[in-house]
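# Remarks on the overall topology
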Amino acid sequence: MLVVWKHPENASAQFPNVQLISSLGAGVEHIIKDPAITSKHLISRIVDPTLAHSMQKHVLTCVLHFHKQWPFYQVAKQNGQWAKPNPIERPIKVGILGVGALGQAVTKILQTVGFEVIGFSRKPKEIPNFTVWDSENHSLPSFLQEINVLLSLLPRTPQTEGILSYELLRNLPKGSCLINVGRGAHLVEDDLLKLLEEGTIDQAYLDVFQEEPLPTSHPFWSHSHIFITPHTASITHQENAAKIIADNYQRLKTGGPIRFEVQLDRGY
Ligand code: OXD
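Below is a summary of the structure that appears in this document. (Residues numbered from 1 in each chain as written. Predicted model: local features only at pLDDT ≥ 70, side-chain atom pairs only at ≥ 80, totals over all residues. Heavy atoms only, no water.)

Another point: the pairing of strand β9 (residues 201-206). The buried fraction of β9 is high, at five of six residues. Taken together, strand β8 (residues 176-180), helix α7 (residues 189-198) and β9 form a β-α-β motif whose crossover is right-handed. Sheet topology places β9 next to strand β10 (residues 226-228); three bridges connect them, and they run parallel. Bridge pairing in β10 links A204 to I226. (Buried < 20%, exposed > 50% of the residue type's maximum accessible area, 1.4 Å probe, protein only. Helix = DSSP H or I, 4+ residues; strand = E, 2+ residues; numbered from the N terminus. Right-handed = clockwise from strand over helix to strand, strands pointing away. Pairing = 2+ DSSP bridges.)

Now the structure itself:
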């Protein structure tokens, strides 16, 4: 069994007898893109309630910050103004791209606070108390026209790279919010600057970037409508991850089904 995180490409080729490759985190793109890893290997990842709980709190913070108009107060304070936004609370309808374990956990917390949430998935999905549109019956642009907070929790695959482009995001209503906690490769960063300038997107909360750490000269640092967190929305809990990995190793040795398996052809 190999346990890897962003390993050098092809490094796994030196272990011809390996059967199971586990990611040290929730993401697996470093495994999927390794040409030495094929359909004869089992692949697994970390799915952990602690990771989900952390992501729930991060996304809830962003949505409430936008909803309760905190960016407005920040500017008012800088100008020493006792100013009230109109409306005091922005109406919110959240759309989630990526309706897996984390997407479903985030939906629950947002619904508990009273926000309306819909998801979008490639294939039709039945999830209790969660309306999920799918690409067989709806188009992604029509999904964006329905919402004003877009949350991306997508996995990185060749199909999702660059998906958050001007072409797609311009379908959001004016004054929308973008929260990207999936992968930096999903967002066309120059396109976001254009959408902010045009007012389609009013606020962006970004945790992941094309290049990490975000280069010091990057225009996002000084943009007043972009909030930046350094890929800390949700961090692998070391002890829980170790238990999941050890459990899967035991399962492999005893021929039991491994947990949190990933399909190589699907990429997640
Ligand atoms: C992960 C991450 O995939 O930290 O676990 O991004």
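More follows now that the structure is in view.
When two helices pack together, their arrangement is given by the angle between their axes and by how far apart the axes lie. Contact geometry of helix α2 (residues 49-67) with helix α4 (residues 101-113) gives a least axis separation of 9 Å together with a crossing angle of 50°. Compared by their axis directions, α2 and α4 come out oblique. Here the hand of the crossing between α2 and α4 comes out right-handed. Contacts between α2 and α4 pair L51, A52, M55, Q56, V59, L60, V63 and L64 from the former with L102, A105, V106, I109, L110 and V113 from the latter. For the contact of α2 with α4, the class distribution of residues is 13 nonpolar, one polar and no charged. (Axes fitted to C-alpha atoms, helices over the stretch in contact; angles between N-to-C directions. Parallel < 35°, antiparallel > 145°, perpendicular 65-115°, else oblique. Left-handed = near helix turned anticlockwise from the far one by under 90°. Contact = heavy atoms within 4.5 Å. Nonpolar A, V, L, I, M, F, W, Y, C, P; charged D, E, K, R; others polar.)

Generally speaking, a soluble globular protein has its nonpolar side chains buried in company with each other. Formed by 28 residues in total, the largest nonpolar core has its most connected members in F143, L150, L169, L178, L192 and L206. Of all the secondary structure elements, the ones that give two or more residues to this core are β5 (116-121), α5 (140-146), α6 (166-169), α7 and β9. Here this core takes four residues from α7, the largest share from any one element. Judged by nonpolar contacts, the second largest core, of 25 residues, contains V59, F66, Y205 and A233. (Core = buried A, V, L, I, M, F, W, Y, C linked by side-chain atoms within 4.5 Å.)

For S44, the location among the structural elements is in strand β3 (residues 42-44). In contact with S44, other than residues within four places in its own chain, are L20, I21, S22, S23, V28, N248, I258, R259, F260, E261 and V262.

Taken together, W5, G25, A26, G27, R183, H231 and T236 make up all the residues around the ligand. Here an oxygen atom of the ligand and a backbone polar atom of G27 are 2.7 Å apart. Taking R183, its side chain carries an N or O atom lying 2.8 Å from an oxygen atom of the ligand. Protein coverage of the free-state accessible area of the ligand, which is 210 Å², stands at 86%. Residue classes in the shell around the ligand are distributed as two nonpolar, four polar and one charged. (Near = heavy atom within 4 Å. Polar contact = N/O pair within 3.5 Å; in protein donor to acceptor, adjacent residues only side chain to side chain. Areas by Shrake-Rupley, 256 points an atom, 1.4 Å probe, with all protein chains shown as cover.)

What follows concerns α2. Relative to the 27 Å expected for 19 residues at 1.5 Å per residue, α2 spans 26 Å between its end C-alpha atoms, a close match to the ideal helical length. By the burial criterion, the buried members of α2 are L51, A52, M55, Q56, H58, V59, L60, C62, V63, H65, F66 and H67. Each element contacted by the buried residues of α2 is listed here: α3 (70-78), α4, β7 (149-152), β8, β9 and β10. (Expected span 1.5 Å × (residues − 1).)

Turning next to the sheet that holds strand β4 (residues 93-97). Across the sheet, which stays open at both edges, the seven strands sit in the order β6-β5-β4-β7-β8-β9-β10 with parallel pairing between neighbours. Since the sheet does not close on itself, it has two edges, and those belong to β6 (131-134) and β10, each with one partner. Strand after strand, the sheet turns through a mean of 20° between neighbouring axes, direction not considered. The sheet contact formed by β4 and β7 spans four bridges and is parallel. Among the inter-strand pairings, L97 is bridged to a residue of β7, identified as S152. Across the sheet, α2 is in contact with β7, β8, β9 and β10; its angle to β9 comes to roughly 160°.

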